[in-house]
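For reference, the chains in residue letters:
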Amino acid sequence: MAKNPRYRFCVGPWNFSEGRDPYGPETRPAQSFDWKLGALKELGFDGMMFHDDDAVPDIDSKSPAQVLKEAKELKKRLDGEGIVAEMVAPRLWFHPNTIDGAYTSNDAKQRRYAIDRSKQCIDIANVLGTDLIVLWLAREGTYLRESKNGRRSTDLLVEALDAMLAHDKRIRLAIEPKPNEPMDHAYIPTTGHALAIAQLAMAPARVGCLIESAHAILAGLDPADEIDFAMTFGKLWSVHLNDQNGLKFDQDKPFGSANLRVAFNQVRVLERTGYGKNGEFVCFDVHPFRTTKPEHSLKHLSNSRETFERLVAKARSFPEKAAQKLVADRNYQDLDQLVLNHLMGS
Ligand code: XLS
Ligand code: MG
C-alpha cells in the first residue's frame with residue numbers, strides 16, 4: 001500500500017492486548033513495553049498514545065520526582081526509536097479513589113486526587129513532548145441518576161478542566177466522549193456535549209475533542225457526522241478509528257470490520273475537511289479478537305491501517321461529478337447504488 005504522507009498513524013500499548021474479557025482470562029502471553037514499541041515501529045506507525053500509567057507504571061506508588069525521572073527515560077527511548085508521543089491520558093478509572101467517578105465523585109478528597117493526578121499527567125506530557133491531554137471520562141456518570149446532580153457534575157467537570165488549563169498555559173484538552181460503559185449513563189456522551197462544555201472553561205480554545213468511531217455508534221450517531229461537526233469548530237485533535245457492531249459493550253473492532261460504508265464515510269470526511277494537515281494523528285483504538293492466536297496478534301493493527309489507506313484511495317477516486325449530478329436531480333436511489341458500486345469495485 002502506498003504510504004500516505006498526509007496521515008500519521010498511532011496506537012497505544014493497550015491495543016496490543018492479551019484477550020482478557022469480563023468472562024475469561026488472557027488467551028495470549030503478555031508482552032513487554034519494549035516488545036510493543038518495537039512492533040509498533042515494525043508496523044510503520046509514527047506515534048504511540050499513552051495513559052499516564054503506561055508511561056510511568058505503578059504511578060501512584062511513585063514520588064513526583066520519580067515519575068518525571070521515568071518519563072524522561074521513556075522520552076529518550078521514544079526518541080531513539082523515532083516514535084512521537086501523541087497524547088497522554090490520565091487513567092482515572094482504576095484507582096479506588098475513582099470508584100464513584102473522578103472529577104464528579106461525591107467525595108471531595110477523591111475529586112482532589114483526580115485533579116492532582118491530571119496535573120501530573122500534564123507534567124508527563126510536557127516531558128514526552130506533547131501538548132495533548134485526552135480525557136476519556138470513564139467513570140463520570142452514574143449507575144442511578146439520583147446518586148448525582150447533573151448540573152453539579154457539569155460544574156465539577158468545568159472546575160477540573162480549569163484546574164488543568166491553569167496548571168499549564170499551553171496544554172490542550174481533548175475530551176473523548178462516550179455515552180456509557182463502564183457507567184450506566186456517562187456525562188458528556190457526545191461530541192456536541194464535549195464542545196459545549198468546552199465553552200464554559202476558562203480557555204475554550206484549548207478544550208477540544210477526540211472522536212472514537214465505536215463511541216459515536218454507541219450513542220446511536222454516525223461517526224462521520226461527528227467528525228464533520230467537530231471539524232467545523234476546528235476542534236478535532238485526534239481520532240480513534242475502530243468499529244462497533246450495534247449497541248452492546250465497546251468492541252473496539254478493527255476499522256471497517258462491522259460496517260465498511262460507515263468507515264468509508266469517516267475517511268471521506270477526514271479527507272474533505274483536511275484532518276491531519278496540522279499533524280493530527282489517526283489512531284486505531286482496536287483490540288484483537290479473544291480467539292486471535294499469538295502469531296496473529298498484530299493483524300488488527302496492520303489490517304486497520306490497510307483498510308484506512310484503501311478507503312483513502314476510494315475517497316480520492318470517488319466519482320464526485322456523477323454523484324453531484326445525481327444529487328442535483330435528487331436521485332438518491334442511484335446515488336446509493338453509485339456509492340455501493342464504488343466500494344464493491346465496479
Ligand atoms: C475507552 C477509551 C480509551 C481512551 C483512552 O473506551 O477509548 O481507550 O481512548 O483512555
Ligand atoms: Mg479510545
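Let me sum up the structure you'll find in this document.

Taken together, W14, H51, W93, W136, E176, K178, E212, H215, H240, D250 and D285 make up all the residues around ligand 1. A distance of 2.8 Å is found between an oxygen atom of ligand 1 and a side-chain nitrogen or oxygen belonging to D285. Contact with the protein chains hides 93% of the accessible area of ligand 1, taken as 290 Å² for the molecule alone. Considered class by class, the residues forming the shell around ligand 1 number 3 nonpolar, 3 polar and 5 charged.

Coordination of the magnesium ion (ligand 2) by the protein involves E176 (OE), E212 (OE), H240 (ND1) and D285 (OD), with metal-donor separations of 2.0 to 2.4 Å. Geometry at the magnesium ion (ligand 2) is octahedral, judged from its 6 donor atoms and the angles of 78 to 170° they form at the metal. Between the donor residues of the magnesium ion (ligand 2), the gaps in sequence give the motif E-x35-E-x27-H-x44-D. In this pair, E176 sits in strand β6 (residues 172-176) while H240 sits in strand β9 (residues 236-240), placing the two residues 64 residues apart along the sequence. A relative accessible area of 1% means that H240 is categorised as buried.

Next up on the list: the side chain of E271. Counting through the fold element by element, E271 comes out in helix α9 (residues 260-273). Assessed through its relative accessible area of 15%, E271 is described here as buried. Here Y7 takes part through its side chain, which lies 2.6 Å from a polar atom of the side chain of E271. If we skip the residues at most four places from it in the chain, E271 touches R6, Y7, V312, A315 and R316.

With that settled, consider the packing of aromatic side chains. Going through the model one piece at a time under the given rule, you end up with 13 aromatic pairs. Pairing F255 with F284 gives two aromatic rings, centres 6.4 Å apart and planes at 40°, and the pair type is tilted. Within this pair, whereas F255 is found in the loop between β9 and α9, its partner F284 is found in the loop between β10 (281-283) and α10 (299-316), the two being separated by 29 residues in sequence. Considered together, F255 and F284 belong to a single accessibility category, that of buried residues. These aromatic residues form a ring-pair network of at least three members: Y7, F9, F45, F255, F284 and F308. Positioned above the aromatic ring of F94, the side-chain terminus of R91 is 4.6 Å from the ring centre. A cation sits over an aromatic face here: R305 above F45, 5.8 Å from the ring centre.

Rules of the game
- Residues numbered from 1 in each chain as written.
- Chains lettered and ligands numbered in written order.
- Predicted model: local features only at pLDDT ≥ 70, side-chain atom pairs only at ≥ 80, totals over all residues.
- Heavy atoms only, no water.
- Near = heavy atom within 4 Å.
- Polar contact = N/O pair within 3.5 Å; in protein donor to acceptor, adjacent residues only side chain to side chain.
- Areas by Shrake-Rupley, 256 points an atom, 1.4 Å probe, with all protein chains shown as cover.
- Nonpolar A, V, L, I, M, F, W, Y, C, P; charged D, E, K, R; others polar.
- Donors = N, O, S within 2.8 Å, 3.2 Å for Na, K, Ca; no water.
- Tetrahedral: all angles 85-135°; square planar, octahedral: opposite > 155°, others 65-115°.
- Helix = DSSP H or I, 4+ residues; strand = E, 2+ residues; numbered from the N terminus.
- Buried < 20%, exposed > 50% of the residue type's maximum accessible area, 1.4 Å probe, protein only.
- Contact = heavy atoms within 4.5 Å.
- Phe/Tyr/Trp six-rings, centres within 6.5 Å; stacked < 30°, edge-to-face > 60°.
- Lys NZ or Arg CZ within 6 Å of the ring centre and 35° of its normal.

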